[in-house]
Amino acid sequence: MVLFYTLQSCEKKSLKTPEKKSNLKEIDSLIDLGDNYLEKIKYDSAFYFHNKAKSLCNPRTDNTRIIYSLTKMSEIQQNNGDYSGSEATAVEAIPFLNKTIDPSYECSIYNLLGAVYQKQNDYDNELYYFNKAFNLKIDSIRKLMTKQNIAVAYMAKKDYNRAIQILLPLTLKKEVINFPILFSKVINNLGYSYFKVGNPIGIDYLNEALKIKKGIKGDCGIASSYLNLSNYYKESNSKLSNEYARLAYEKGTKANNIDDRLDALAILIQTSTENQSKNYSEKYILLNDSITKVRQNARNQFAKIKYDSKKEKEENLLLKTQKAETALQLEEHKNRNLILYFIVAMGIAATGFISFYLIAKNKREKIKTSYDTEIRIAKKLHDELANDVYHTMAFAETQDLSSSQNKEILLTNLDTIYSRTRNISKENSTIDTGLHFVVGLKEMMSNFNTDAVTILINGMDAVDWNALETNKKIIVYRVLQELLVNMKKHSQSSVVVIAFKKNENKLQIDYSDNGLGAASYKINSRNGLQNVKNRILAIKGSITFDTKPGKGFKSSFAIPI
């Protein structure tokens, strides 16, 4: 016998409130998707979208939406026989109940818990939660619905006289009479209770309930009336009982209600001929086995949806934490002030030396006419030193250097300037193209290998470097250096792969990283990558760039041997 707990299965009820939040539109869209799939009886999709909406809600401000989605999820699990899961989901909503002023949310949760405890034959807890719902300050129709639920709980306990005492006054309530769905349920249960205590008036209520339900669109609960009538006539008129059971089976099949179908088959087995009874028995066994597997699969699926959502949320939280820690480290590094006078003199001297050396080298070697070293170094000085030097000088001019704390800050500033100047010097130092070229090239590339970035090198030792001209060795060194500097500045990659191989009479080098990538116009606008291209083309080599935003960066260049 199908019992009545809430009207959620027959009418859609919105529990959303007009709160304003940045992602409110997305949450409400997910809730609407969940409701649409629930109306189409696509439970897995409905559960997924309501769970997704719940996970996006802010527990401090979106408690009504959380309760609404948890209510729907619990209802879905209950409809699929996952009673322990339904109970856990409903209980999950209880901590949010005190945060809302609308008791209708609390009423829905308590009614769901009462329903799930009835399915588990825990009638004391069933009554406990139905009574909690009834004692809330809810509107009159919810009050009457909950009163009906309490009566159903007593019917489950086979206390039919107590159920009659509750149901009979409800039949006189104007609100109940004007609400056909509720009225038909009340008189159907009243008629069945009268039947169970031996009062013949019960059949009149059962017939009247069936008549009302036939006039309600959607056949909501009509199988219950057929089952009650079938039980009523089972002893006195087996043929009529069999006919009502057959109708209940048809309606239960149409509504996809397994419990109604099983109850109907149980009566058909008892009221049919031997051959028919055997046929119905086989259907009962097949259906019972099938629904056991289906419900187990549903329980597993709902548990997996919850697990995957929780895992995704934890991973997102971890990524946010890591990002915050990285940002903090970068901020701390950026906030370290640079050292001033002594390092400034060294920086100017080193910069002058590097500029003179590179310009002289460009004059001696035709290939170095494209280097444009002065511009690159000037840009480094401006971007990496000038501003820090200016701020450090301003600090020295405006602060009391007799203070030990200010002296410490000044020394820290000077030390940082020194480190940056030393790095600039190292990037533009002389390249050993002799016996130690391979060692120097490996050392240069390994300098970019950090805790955050892994440099992988393949095929380098298989190359006959002695066959490569001096100026081409320099170009290989500088091109790879420029690509790695570009990676360090812009890509935020964690893995870099550099592969060397001989392709006919050319040396081919392939570079790739898993960083942010960039649009093609940004590549053309970067002086460093433009210099790389100029170096390769100057010796009749070829180079290609392959990158898109978010897809990493790849470059392949070949030089004649």
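As the structure is a prediction and not an experimental result, all values here were calculated from the model.

*Asks:* Report on the overall build of the protein, specifying residues and quantitative values.
*Replies:* Summing up its helical and strand segments, the protein has 22 helices and five strands in all. Within the span of the protein, comprising 561 residues, buried residues form 46% of the whole. Once local pairs closer than 6 in sequence are excluded, the contacts in the protein between residues at least 24 apart make up 64%. Here the protein displays about 30,000 Å² of accessible surface, and carbon together with sulfur accounts for 52% of that area.

*Asks:* Now, about the environment of Ile-509: what can you tell me, with residues and values included?
*Replies:* By the secondary structure assignment, Ile-509 is in strand 3 (residues 506-513). On the basis of relative accessible area, Ile-509 is assigned to the buried category, the value being 0%. Along the sequence, Ile-509 and Ile-498 sit eleven residues apart, while their C-alpha atoms lie 7.0 Å from each other. Beyond its immediate sequence surroundings of up to four residues, Ile-509 is in contact with Val-476, Leu-480, Ile-498, Ala-499, Phe-500, Ser-555, Ser-556 and Phe-557.

*Asks:* Give a description of the nonpolar core that names residues and reports values.
*Replies:* Counting 50 residues, the largest nonpolar core has Leu-167, Leu-182 and Leu-229 as its most contacted members. No other element matches helix 10 (residues 180-196), which puts eight residues into this core. Leave out the neighbours within four places in its chain, and Leu-167 touches Gln-148, Ala-151, Met-155, Val-186, Asn-189, Leu-190 and Ser-193. In terms of nonpolar packing, the next biggest core, distinct from the first, is built from 36 residues, Leu-441, Phe-448, Tyr-477 and Ile-559 among them.

*Asks:* Tell me what's going on with the side chain of Asn-406, and back it up with residues and numbers.
*Replies:* If you trace the backbone, Asn-406 turns up in helix 18 (residues 404-427). Once residues lying within four places of it in the same chain are set aside, the contact partners of Asn-406 are Phe-395, Gln-399 and Asp-400.

*Asks:* Tell me about the sheet that holds strand 5 (residues 553-560), and please be specific about residues and values.
*Replies:* Ordered in space as 1-2-3-5-4, the five strands form an open sheet in which the pairing is mixed. The open sheet terminates on both sides in strands that have one partner only, identified here as strand 1 (454-458) and strand 4 (542-547). Shown here is a sheet whose adjacent strand axes are inclined to one another by a mean of 10 degrees, direction ignored. Summarising the sheet, strand 3 and strand 5 pair through eight bridges and their orientation is antiparallel. By the bridge assignment, Ser-512 is partnered in strand 5 with Lys-554. Running over the sheet, helix 20 (residues 470-491) touches strand 1, strand 2 (495-503), strand 3 and strand 5 and is turned about 175 degrees from strand 5.

*Asks:* Tell me what's going on with the pattern of salt bridges, and back it up with residues and numbers.
*Replies:* In the structure shown here, the tally under the stated rule is eight salt bridges. In this structure, Glu-92 and Lys-54 form a salt bridge, with 3.1 Å as the shortest nitrogen-oxygen distance. You can see Glu-92 sitting in helix 4 (residues 83-93) and its partner Lys-54 sitting in helix 2 (residues 43-56), a full 38 residues away along the chain. Residue classification places Glu-92 among the partly exposed residues on the basis of a relative accessible area of 31%. Through salt bridges with shared partners, a single network forms among Glu-243, Arg-246 and Glu-250.

*Asks:* So what's going on with the confidence of the model for the protein? Which residues, and what values?
*Replies:* The predicted coordinates ought not to be read in detail in places where the model reports low pLDDT. Of all residues in the protein, 79% attain a pLDDT of 70 or more, and the chain-wide mean is 82. At the level of individual helices and strands, the protein shows its lowest average pLDDT in helix 21 (residues 520-525), which scores 62, and its highest in helix 8 (residues 160-170), which scores 96. Confidence drops under pLDDT 50 across residues 1-21; counting only partners more than four residues distant or on other chains, this segment forms 65 contacts.

*Asks:* Describe the pairing of strand 5, listing the residues and the values that go with them.
*Replies:* Examined bridge by bridge, strand 4 and strand 5 share six bridges and lie antiparallel to one another. For Asp-546, the partnering residue across the bridge sits in strand 5 and is Lys-554. Two successive antiparallel strands, strand 4 and strand 5, enclose a turn made up of five residues, where Gly-550 displays a positive phi of approximately 80 degrees.

*Asks:* Please give an account of the packing of aromatic side chains that cites residues and values.
*Replies:* One pass over the structure, following the stated rule, counts 16 aromatic pairs. Ring geometry for Tyr-110 versus Tyr-129: centroids 5.8 Å apart, planes at 40 degrees, classification tilted. Taken as a pair, Tyr-110 in helix 5 (residues 103-119) and Tyr-129 in helix 6 (residues 123-134) lie far apart in primary sequence, 19 residues in all. Among the aromatic residues, those joined into a cluster by ring pairs are Tyr-160, Tyr-192, Phe-195, Tyr-226, Tyr-232, Tyr-233 and Tyr-244. A cation over a ring is seen here: Lys-40 above Tyr-37, with NZ or CZ 5.9 Å from the ring centre. In this structure, Lys-143 is placed above the aromatic ring of Phe-134, and the distance from its NZ or CZ to the ring centre is 4.8 Å.

*Asks:* I'd love a proper account of the pairing of strand 2, names of residues and values included.
*Replies:* A regular strand carries its side chains on alternate faces of the sheet. Relative to strand 2, strand 1 is paired through five bridges, and the arrangement is parallel. Within strand 2, the residue paired with Asn-458 across the bridge is Ala-499. Regarding topology, helix 20 serves as the crossover connection from strand 1 to the parallel strand 2, and that connection is left-handed. As defined by bridge partners, strand 2 adjoins strand 3 across eight bridges and the pair is classed as antiparallel. Opposite Ile-498, over in strand 3, you have Tyr-511 as the bridge partner.

*Asks:* Tell me what's going on with the packing of helix 3 (residues 63-79) against helix 4, and back it up with residues and numbers.
*Replies:* As a packed pair, helix 3 and helix 4 sit with axes 8 Å apart at the nearest point and diverge in direction by 170 degrees. Taken together, the axis directions place helix 3 and helix 4 in an arrangement best described as roughly antiparallel. Two secondary-structure elements touch here, helix 3 through Ile-67, Leu-70, Met-73, Ser-74, Gln-77 and Gln-78 and helix 4 through Tyr-83, Gly-85, Ser-86, Thr-89, Ala-90, Glu-92 and Ala-93.

*Asks:* Can you explain the packing of helix 10 against helix 12 (residues 222-233)? Please cite residues and give values.
*Replies:* Two elements in contact, helix 10 and helix 12, have axes whose closest approach is 10 Å; the angle formed by their N-to-C orientations is 15 degrees. One element, helix 10, and the other, helix 12, form an angle in the roughly parallel class. Like other packed secondary-structure pairs, helix 10 and helix 12 cross with a definite hand, here left-handed. Residues Asn-188, Tyr-192 and Phe-195 of helix 10 form the contact with helix 12, whose own contacting residues are Ser-224, Ser-225, Asn-228, Asn-231 and Tyr-232. Taken together, the residues of the contact of helix 10 with helix 12 break down into three nonpolar, five polar and no charged.

*Asks:* Let's hear about helix 10: which residues, and what values?
*Replies:* Taking 1.5 Å per residue as the helical rise, helix 10 with its 17 residues ought to reach 24 Å, and the 24 Å between its terminal C-alpha atoms agrees with that figure. A positive phi of about 85 degrees marks Gly-198, the residue just after helix 10.

What counts as what
Residues numbered from 1 in each chain as written. Predicted model: local features only at pLDDT ≥ 70, side-chain atom pairs only at ≥ 80, totals over all residues. Heavy atoms only, no water. Helix = DSSP H or I, 4+ residues; strand = E, 2+ residues; numbered from the N terminus. Buried < 20%, exposed > 50% of the residue type's maximum accessible area, 1.4 Å probe, protein only. Contact = heavy atoms within 4.5 Å. Areas by Shrake-Rupley, 256 points an atom, 1.4 Å probe, with all protein chains shown as cover. Core = buried A, V, L, I, M, F, W, Y, C linked by side-chain atoms within 4.5 Å. Pairing = 2+ DSSP bridges. Axes fitted to C-alpha atoms, helices over the stretch in contact; angles between N-to-C directions. Salt bridge = Lys/Arg side-chain N within 4 Å of Asp/Glu carboxyl O. pLDDT = per-residue confidence, 0-100. Phe/Tyr/Trp six-rings, centres within 6.5 Å; stacked < 30°, edge-to-face > 60°. Lys NZ or Arg CZ within 6 Å of the ring centre and 35° of its normal. Right-handed = clockwise from strand over helix to strand, strands pointing away. Parallel < 35°, antiparallel > 145°, perpendicular 65-115°, else oblique. Left-handed = near helix turned anticlockwise from the far one by under 90°. Nonpolar A, V, L, I, M, F, W, Y, C, P; charged D, E, K, R; others polar. Expected span 1.5 Å × (residues − 1).

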